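# A look at the structure
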Amino acid sequence: MSKVVLDVSMSLDGFTAGPNVRAEEPMGDGGERLHEWMAGDGPDARAFEEVNAMVGATVIGRRTFDLGLRPWGGTPWPGVPAFVVTHRTREDLLGDNGGTFAFDGLEAAVRRAKDAAGDKDVLVMGADVAGQLLGAGLLDEVHLHLAPVVLGQGTGLFAGRLGELIPQGEPVAGIATHLRFRVRPAAG
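Residues numbered from 1 in each chain as written. Predicted model: local features only at pLDDT ≥ 70, side-chain atom pairs only at ≥ 80, totals over all residues. Heavy atoms only, no water.

With that settled, the discussion passes to the UniProt feature "domain: Bacterial bifunctional deaminase-reductase C-terminal" (unreviewed entry) in the chain. Mapped onto the present numbering, the UniProt feature "domain: Bacterial bifunctional deaminase-reductase C-terminal" (unreviewed entry) falls on residues 3–160. Helix makes up 28% of residues 3–160 and strand 26%, whereas the separation of the span's terminal C-alpha atoms amounts to 23 Å. (UniProt positions renumbered as here; feature names shortened; annotations may be inferred. Helix = DSSP H or I, 4+ residues; strand = E, 2+ residues; numbered from the N terminus.)

Here it is as structure tokens:
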């Protein structure tokens, strides 16, 4: 069964994007440095290959979609369906790369993404939607790529929502330090 996985690069001071996020700088000032590990070799290349191999569908926050559509030119992974979490639904959108964007509420987007992912996982994109998923008990794992960057300010992970992460496996060090966690379900 598909898992819902947040796979995110983060600065040493806890930001997933730099300050001043805008259309011209979708990752904010200096935020692109968070992804430099993706061009690395050795452990970084293996971590990047694992991300690409696991994704069967994505759940994307509306702001991430709005900022990312132009640079992506379509869905973040060609041919992979994307489900945009929004209160402003619209007709599905076919990306230039053959992927489809569908627009829905949080729970419906996750349900549809899991169905579409088949035996692969659902990858989460966007700090706010990740926080919503954590708060709703819909997030299964977090794969964190800790980049050797200090941004000083920007977009924090999980938008202030609380949860508990259980370390899985050993940290892997390359340009970034790659960490994996399982989300402990809230008691209830």
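For any pair of aromatic rings, the description rests on two quantities: the centre-to-centre distance and the angle between the ring planes. In this structure the tally under the stated criterion is 3 aromatic pairs. Geometrically, the ring pair formed by tryptophan 37 and phenylalanine 48 is edge-to-face, given 6.2 Å between the ring centres and 85° between the ring planes. Taken as a pair, tryptophan 37 in the loop between strand 2 (15–17) and helix 1 (43–54) and phenylalanine 48 in helix 1 lie far apart in primary sequence, 11 residues in all. For phenylalanine 48, a relative accessible area of 28% gives the class partly exposed. Relative to phenylalanine 103, the ring of phenylalanine 65 has its centre 5.2 Å away and its plane inclined at 85°; by these criteria the two rings are edge-to-face. (Phe/Tyr/Trp six-rings, centres within 6.5 Å; stacked < 30°, edge-to-face > 60°. Buried < 20%, exposed > 50% of the residue type's maximum accessible area, 1.4 Å probe, protein only.)

With that out of the way, let us pick up the nonpolar core. Within the largest apolar cluster, 28 residues are counted, with the highest numbers of intra-cluster contacts made by Leu6, Val124, Leu139, Val142, Leu144 and Phe158. Every element with two or more residues in this core is listed here: strand 1 (4–10), strand 3 (55–61), strand 4 (82–85), helix 3 (106–117), strand 7 (121–125), helix 4 (127–136), strand 8 (141–146) and strand 12 (177–184). Ranked by residue count, the leading element in this core is helix 3, at 5 residues. Val51, Trp77, Val84 and Met125 belong to the second-largest nonpolar core, a separate cluster that totals 14 residues. (Core = buried A, V, L, I, M, F, W, Y, C linked by side-chain atoms within 4.5 Å.)

With 12 residues, helix 3 ought to run about 16 Å at 1.5 Å a step, and its terminal C-alpha atoms sit 16 Å apart, in line with that. Looking only at helix 3, the buried set comprises Leu106, Ala108, Ala109, Val110, Ala113 and Ala117. For helix 3, the elements touching its buried residues are strand 1, strand 3, strand 4, strand 6 (100–104), strand 7 and helix 4. Immediately downstream of helix 3, the backbone of glycine 118 shows phi near 65°, a positive value. (Expected span 1.5 Å × (residues − 1). Contact = heavy atoms within 4.5 Å.)

By the element assignment, threonine 75 lies in the loop between helix 2 (62–72) and strand 4. A distance of 2.9 Å separates a polar atom in the side chain of threonine 75 from the backbone oxygen of tryptophan 77. Side-chain polar atoms of threonine 75 contact the backbone oxygen of valine 80, separated by 3.3 Å. Setting aside residues no more than four positions away along its own chain, threonine 75 makes contact with Val80, Ala82, Asn97, Gly99, Thr100 and Phe101. (Polar contact = N/O pair within 3.5 Å; in protein donor to acceptor, adjacent residues only side chain to side chain.)

Because an α-helix completes one turn every 3.6 residues, residues spaced three or four positions apart along the sequence face the same direction. Of the residues making up helix 2, those classed as buried are Arg62, Phe65, Leu67 and Gly68. Summarising the contacts, the buried residues of helix 2 are in contact with strand 3, strand 4, strand 5 (93–94) and strand 6. A positive backbone phi angle near 75° is found at glycine 73, which sits one or two residues after helix 2.

Turning our attention to the pairing of strand 7. Most of strand 7 sits inside the fold, with 5 of its 5 residues counted as buried. With 3 bridges joining them, strand 1 and strand 7 adopt parallel strand pairing. Each residue of the ladder has a partner; that of valine 4, found in strand 7, is valine 122. (Pairing = 2+ DSSP bridges.)

What follows concerns the pattern of salt bridges. Tallied over the full model, the rule gives 10 salt bridges. The shortest N-O distance in the salt bridge between arginine 112 and aspartate 104 comes to 3.0 Å. Residue aspartate 104 is classed as partly exposed on the basis of its relative accessible area of 21%. Notably, a salt bridge pairs arginine 184 with glutamate 164, separated by 2.9 Å at the nearest N-O pair. With a gap of 20 residues between them, arginine 184 in strand 12 and glutamate 164 in strand 10 (residues 164–167) connect regions that are remote in the sequence. Residue classification places arginine 184 among the partly exposed positions, given a relative accessible area of 40%. Looking at glutamate 164, the relative accessible area reads 38%, which means it is partly exposed. (Salt bridge = Lys/Arg side-chain N within 4 Å of Asp/Glu carboxyl O.)

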